[in-house]
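Tertiary structure, described
This is what each chain is made of:
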Amino acid sequence: MTRRWPILAGGLAVVALAPSALIVFVALAMLGASPAMDCAINPPRVSPGATAVPNGWAGQGSWTSEQVGNAAIIVAVGAELHVPRYGWEIAVATAMQESALRNLGHLGEKNDHDSLGLFQQRPSKDWGIPEQILDPRYAARKFYERLVTLGGWQTRPLTQVAQAVQRSAFPDAYAKWQPEAQQLVALISDGLNIVCTSDGGDGLPSLEDDGLPDGFVLPSDAQLRAVVAFALGQLGKPYVWGAEGPDSYDCSGLMMASWAEGGQKIPRVTADQMRTGVAVASLSAMRPGDLIFIPGSDGTMSRPGHVGMYIGVDRSGRQYLIQAPKTGDIVKVVAVSSWSRQVAAIRRPKP
């Protein structure tokens, strides 16, 4: 279905998004794969069956406000359908390639068969009737419905997944849009204040709580001492998906609450915490309070889904972290060595 468009490319300027209005489609079914994922636009601005297009979006780089608004619809529908964030990136990259994020009607002689809309979906290929396909919310939903039927799509390259949905004559065309799609999705997600949580957990066999390491000493830095001390004060509390305390936590909720105790605001969810602060080069370069990311049961090395916090060493120099592991488990301290072979990234929230 892909057309050869003179698409507006270029880097995206990182500026604040300011939607003046947003009406979100209420999903009637959860399309995301298990384990469960919940996304919410906070505060909720929902109108059942709405078809209005968000307006007031700022342009980003060479993407106009209209194009960003269409991308916002794609992201909002994906969130409401419980499709994981990677799916939003695939959908936005696909629409970038197919229509330059424009809701295109029939272009006469220039039309590619009967392709229409943001994703250039074809009525003759069972995507719906023209009036439906030209509704951006309907088009996004139909894209996601086919996306989530693809086995292992969350771990496959973006261009492979997009091609499996679209059946394009140019199967490698989608890959070039991935960086811009990721950036635009991140900006829109922040602008809509979308919060997502997953019940995937650490994906590891249950480990015994090692407790406070022998000879452990809290950091001398006042802020890091407050962060680590707060985290340790939550030991034994149950993991509850989506919980931010004070009686229970999920993995990223514990990280956010601990850093808040130190006066530092960090994002709520693992995907966003992965971009906070600065990268730490290696396990040996860590300092207490650093966030360690692993794939977990529903992530990958490039898109980790689980996070813990480095707290320091014991008398022998062995490193430890604190984490909220999974449903049915409790906040506990474990050796960093139990994670070392699958560490995807390490971030320092405050340089």
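Above this text is the structure in question.
On a predicted model such as this, the values are computed, not experimentally measured, just so you know.

Reading the values: rules and limits
Residues numbered from 1 in each chain as written. Predicted model: local features only at pLDDT ≥ 70, side-chain atom pairs only at ≥ 80, totals over all residues. Heavy atoms only, no water. Helix = DSSP H or I, 4+ residues; strand = E, 2+ residues; numbered from the N terminus. Buried < 20%, exposed > 50% of the residue type's maximum accessible area, 1.4 Å probe, protein only. Contact = heavy atoms within 4.5 Å. Phe/Tyr/Trp six-rings, centres within 6.5 Å; stacked < 30°, edge-to-face > 60°. Lys NZ or Arg CZ within 6 Å of the ring centre and 35° of its normal. Polar contact = N/O pair within 3.5 Å; in protein donor to acceptor, adjacent residues only side chain to side chain. Axes fitted to C-alpha atoms, helices over the stretch in contact; angles between N-to-C directions. Parallel < 35°, antiparallel > 145°, perpendicular 65-115°, else oblique. Left-handed = near helix turned anticlockwise from the far one by under 90°. Nonpolar A, V, L, I, M, F, W, Y, C, P; charged D, E, K, R; others polar. Salt bridge = Lys/Arg side-chain N within 4 Å of Asp/Glu carboxyl O. Expected span 1.5 Å × (residues − 1). Pairing = 2+ DSSP bridges. Core = buried A, V, L, I, M, F, W, Y, C linked by side-chain atoms within 4.5 Å.

This brings us to the environment of Phe-293. By the secondary structure assignment, Phe-293 is in strand S4 (residues 291-294). You can call Phe-293 buried: its relative accessible area is 0%. For the pair formed by Phe-293 and Val-343, sequence separation is 50 residues and the distance between their alpha carbons is 5.9 Å. Those residues in contact with Phe-293 that lie beyond four places of it in its chain are Thr-270, Gln-273, Met-274, Pro-304, His-306, Val-307, Gln-342, Val-343, Ala-344, Ala-345 and Arg-347.

Our next topic: the environment of Ala-271. Its place among the elements puts Ala-271 in helix H9 (residues 270-273). Overall, Ala-271 belongs to the partly exposed group, its relative accessible area being 30%. For the pair Ala-271 and Ser-252, spaced 19 residues apart in sequence, the C-alpha to C-alpha distance is 9.3 Å.

Following the criterion strictly, the structure yields four aromatic pairs and no others. Centroid distance Phe-143 to Tyr-144: 6.1 Å. Interplanar angle 80 degrees. Geometry classified as edge-to-face. One cation-aromatic arrangement involves Arg-146 over Trp-127; the distance from NZ or CZ to the ring centre is 3.7 Å.

What follows concerns the side chain of Gln-234. Position of Gln-234 relative to the elements: it lies in the loop between helix H7 (222-232) and helix H8 (251-261). Assessed through its relative accessible area of 6%, Gln-234 is described here as buried. In this structure the side chain of Gln-234 is engaged in a polar contact, spanning 2.8 Å, whose partner is the backbone oxygen of Phe-230. Dropping the residues within four chain positions of it, Gln-234 is found in contact with Pro-246, Tyr-249, Leu-254 and Val-331.

Packed helix pairs are characterised by how far apart their axes lie and by the angle those axes make with each other. Orientation of helix H2 (residues 85-99) relative to helix H6 (residues 178-192), taken along the N-to-C sense of each, is 120 degrees, at an axis distance of 8 Å. By the criterion of interaxial angle, the relationship of H2 to H6 is oblique. Read as a crossing pair, H2 and H6 show a hand that is right-handed. For the pair formed by H2 and H6, the contact residues are Arg-85, Tyr-86, Trp-88, Glu-89, Val-92, Ala-93 and Met-96 on the first element and Gln-178, Glu-180, Ala-181, Gln-182, Leu-184, Val-185, Ala-186 and Ser-189 on the second. Taken together, the residues of the contact of H2 with H6 sort by class into nine nonpolar, three polar and three charged.

So, about the pattern of salt bridges. The final tally for this structure, using the stated rule, is 11 salt bridges. For Asp-114, the salt bridge is made with Arg-122, and the minimal N-O distance between the two is 2.6 Å. With a closest N to O distance of 2.5 Å, Asp-272 and Arg-275 form a salt bridge. Judged by relative accessible area, which is 12%, Asp-272 ranks as buried. Because the salt bridges share partners, they merge into one network encompassing Arg-85, Asp-272 and Arg-275.

In an α-helix there are 3.6 residues to a turn, and that puts residues three or four apart on one side. When the terminal C-alpha atoms of helix H1 (residues 65-80) are compared, their 22 Å separation across 16 residues agrees well with the 22 Å that a helix rising 1.5 Å per residue should span. Within H1, 14 of the 16 residues are buried, leaving the element largely enclosed by the surrounding structure. Of the residues trailing H1, His-82 is marked for its positive phi of about 65 degrees.

With that out of the way, let us pick up the pairing of strand S7 (residues 332-335). In S7, alternate side chains face the same way, and those of Lys-332 and Val-334 on one face and Val-333 and Ala-335 on the other are all buried. Both strand S6 (residues 319-323) and S7 contribute to a ladder of four bridges, which runs antiparallel. Its bridge partner being in S7, Ile-322 is matched across the sheet by Val-333.

Our next topic: the nonpolar core. Ile-74 and Tyr-144 are the most contacted members of the largest nonpolar core, which totals 50 residues. Counting residues per element, this core draws most heavily on H1, at nine residues. Aside from chain neighbours lying at most four places away, what touches Ile-74 is Ala-91, Val-92, Ala-95, Leu-101, Leu-118, Phe-119, Ala-140 and Tyr-144. Listed in part, the 28 residues of the second largest apolar core include Tyr-320, Val-333, Ala-335 and Ala-345.

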